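Listed below are the residues making up each chain.
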Amino acid sequence: MSMNQAVLPLLVAQFRRDLRLSLRRRGDIAQPILFAIMVITLFTLATSAEPKKLAELAPGVIWVAILLSSLLSLDSIYRSDFDDGSLEQMLMSPAPLALLIGARILVHWFSTILPLVILTPLFAQMLFLPGELLSPLMISLFVGTPLISLVGAVIAALTVGIRHSGMLLALLALPLYVPVLVFGAGSVVAASQGLAWLGAISLLGAGLVIAVVLAPIAAAAAIKISLS
């Protein structure tokens with residue numbers, strides 16, 4: 001049996017295990033959703049309910065709500081496995097640690113951020129976003145939000161050995177999330193002004209390709225350092 005044939009079943013098993021455990025923690029899935037709804041609702045109530053004004057701010061508000069909501073779940077990416085010793089078993093696995101971490105990152109995006117993206121049309125209705133801007137917004141989220149999980153996984157790996165690291169995670173991750181926020185929300189703003197907006201999406205896509213390759217490797221290295 002070749003190395004690829006031996007590794008693939010391990011990756012599939014790792015993904016299924018992580019997804020099953022994530023779905024069991026329904027509170028961890030519901031918390032970001034409720035937080036995003038609360039942020040958007042309070043923003044609507046705190047400002048004038050003028051539809052035109054809300055529509056202008058909608059892309060940035062939705063992006064910020066999703067980004068802040070994702071911060072709530074960063075500490076949970078590795079925490080349970082660190083507590084029960086599963087991370088040490090992953091280190092001893094014949095599969096490369098970076099690939100196993102990649103499966104974990106995919107599960108984090110799938111279970112935590114994807115539900116927020118799916119609810120984005122509802123958020124857009126709450127903020128009176130014009131219908132023609134929904135497609136640019138959804139494209140920017142599908143391309144940009146995986147970067148949130150990839151970057152967050154590296155930061156979480158650096159702090160996995162620190163108890164109660166939620167605030168530290170936020171302080172380290174937020175500066176790295178700024179470019180994603182700028183290009184993601186900026187592409188929708190450009191579309192609303194009739195300007196070319198695919199350039200910003202292309203930059204997000206380029207960043208996503210680089211992060212897909214490098215983030216699991218960096219996270220694996222950080223975990224090895226944290227557990228050494």
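What comes next is a walk through the structure. Fair warning: this is a prediction, and the values are worked out from it, not measured in the lab. (Residues numbered from 1 in each chain as written. Predicted model: local features only at pLDDT ≥ 70, side-chain atom pairs only at ≥ 80, totals over all residues. Heavy atoms only, no water.)

1. Some details on the overall build of the protein chain
Applied cut-off: Numbered from the N terminus, helices here are DSSP runs of H or I no shorter than four residues, and strands are runs of E no shorter than two. Based on C-alpha atoms, the radius of gyration is set beside the globule rule, defined as 2.2 Å times the residue count to the power 0.38. The rule is simple: take the accessible area with a 1.4 Å probe, protein chains only, and divide by the maximum for that residue type; under 20% is buried, over 50% is exposed, in between is partly exposed.
Along its length, the protein chain carries 10 helices and zero strands. Each helix and strand of the protein chain, ordered N terminal to C terminal, gives the series α-α-α-α-α-α-α-α-α-α. For the protein chain, whose C-alpha radius of gyration is 19 Å, the value lies close to the compact-globule estimate of 17 Å for 228 residues. Burial statistics for the protein chain: of 228 residues in total, 44% are counted as buried.

2. Overview of the side chain of Thr145
Under the convention used in this document: Two residues form a contact once any of their heavy atoms are found within 4.5 Å.
In this structure, Thr145 sits in helix H8 (residues 134-158). Thr145 has contacts with Trp63, Ile66, Trp109, Ile113, Val117 and Ser140, leaving out every residue within four places of it along the chain.

3. Concerning empty space enclosed by the protein
Short version of the rule: Lining residues are defined by having an atom within 4 Å of a point belonging to a cavity or pocket. Those points lie on a 1 Å grid over the protein atoms alone, cavities being sets where a 1.4 Å probe fits but cannot get out and pockets being open sets with protein on both sides within 12 Å along at least five of seven lines. Grid points are joined across faces, edges and corners, and a volume is the space filled by probe spheres set on the points.
Taken as a whole and assessed by the stated rule, the structure comprises two cavities of 30 Å³ or more. One number sums up the size of the largest cavity: a volume of about 210 Å³. Around the largest cavity sit 17 residues that line it, and Ser22, Arg25, Ser76, Ile77 and Arg104 are the ones nearest its centre. Elements with a minimum of two residues in the lining of the largest cavity: helix H1 (3-24), helix H2 (26-46), helix H4 (79-84) and helix H6 (97-118).

4. Focus on unusual backbone geometry
Phi angles above zero are rare outside glycine, and Phe128 is one such case at about 60 degrees. With respect to the secondary-structure elements, Phe128 resides in the loop between helix H7 (120-126) and H8.

5. Some remarks on the packing of H2 against helix H3 (residues 51-71)
Condition: Between N-to-C directions, angles span 0 to 180 degrees; the directions come from axes that are lines fitted to C-alpha atoms, helices contributing only their stretch in contact. Note that the term roughly parallel is reserved for angles under 35 degrees, roughly antiparallel for angles over 145, roughly perpendicular for angles of 65 to 115, and oblique for everything else. Crossing chirality is assigned from the near helix's rotation relative to the far helix, an anticlockwise turn below a right angle marking it left-handed and a clockwise turn marking it right-handed. Ten residues, namely Ala, Val, Leu, Ile, Met, Phe, Trp, Tyr, Cys and Pro, are considered nonpolar, four, namely Asp, Glu, Lys and Arg, are considered charged, and the remaining ones, Gly among them, are considered polar.
In the contact formed by H2 and H3, the axes pass within 9 Å of each other and the chain directions differ by 150 degrees. Our classification of the angle between H2 and H3 gives roughly antiparallel. Crossing geometry of H2 relative to H3 is assigned as right-handed. Contacts between H2 and H3 involve Pro32, Phe35, Ala36, Val39, Ile40, Phe43 and Thr44 on the former and, on the latter, Leu54, Leu57, Val61, Ile62, Ala65, Leu68 and Ser69. Counted by class, the contact of H2 with H3 contains 12 nonpolar, two polar and no charged residues.

6. Remarks on the nonpolar core
The following threshold applies: What makes a nonpolar core is a set of buried Ala, Val, Leu, Ile, Met, Phe, Trp, Tyr and Cys residues whose side-chain atoms join them at distances within 4.5 Å.
Ile62, Tyr78 and Ile101 are the most contacted members of the largest nonpolar core, which has 62 residues in total. Contributing elements (two or more residues each) for this core: H2, H3, helix H5 (86-91), H6, H7, H8, helix H9 (166-192) and helix H10 (198-227). Ranked by the residues each element gives to this core, the list is headed by H8, at 12 residues. With residues up to four places along the chain from it excluded, the contact list for Tyr78 reads Leu87, Ile101, Arg104, Ala153, Ala156, Ala157, Val160, Ala219 and Ile223.

7. Things to note about H6
As a reminder, the rule being used: To estimate how far a helix should extend, the number of its residues minus one is multiplied by 1.5 Å. To get the bend at a given residue, fit one axis to the seven residues ending there, fit another to the seven starting there, and take the angle between those axes.
Helix length check: H6, at 22 residues, gives a terminal C-alpha distance of 30 Å against a target of 32 Å (1.5 Å per residue), a fit within 8%. In H6, a bend of some 35 degrees at Thr112 exceeds every other bend along the element, and Pro115, a proline, comes one to four places later. Extensive coverage of H6 is indicated by the burial of 16 of its 22 residues.

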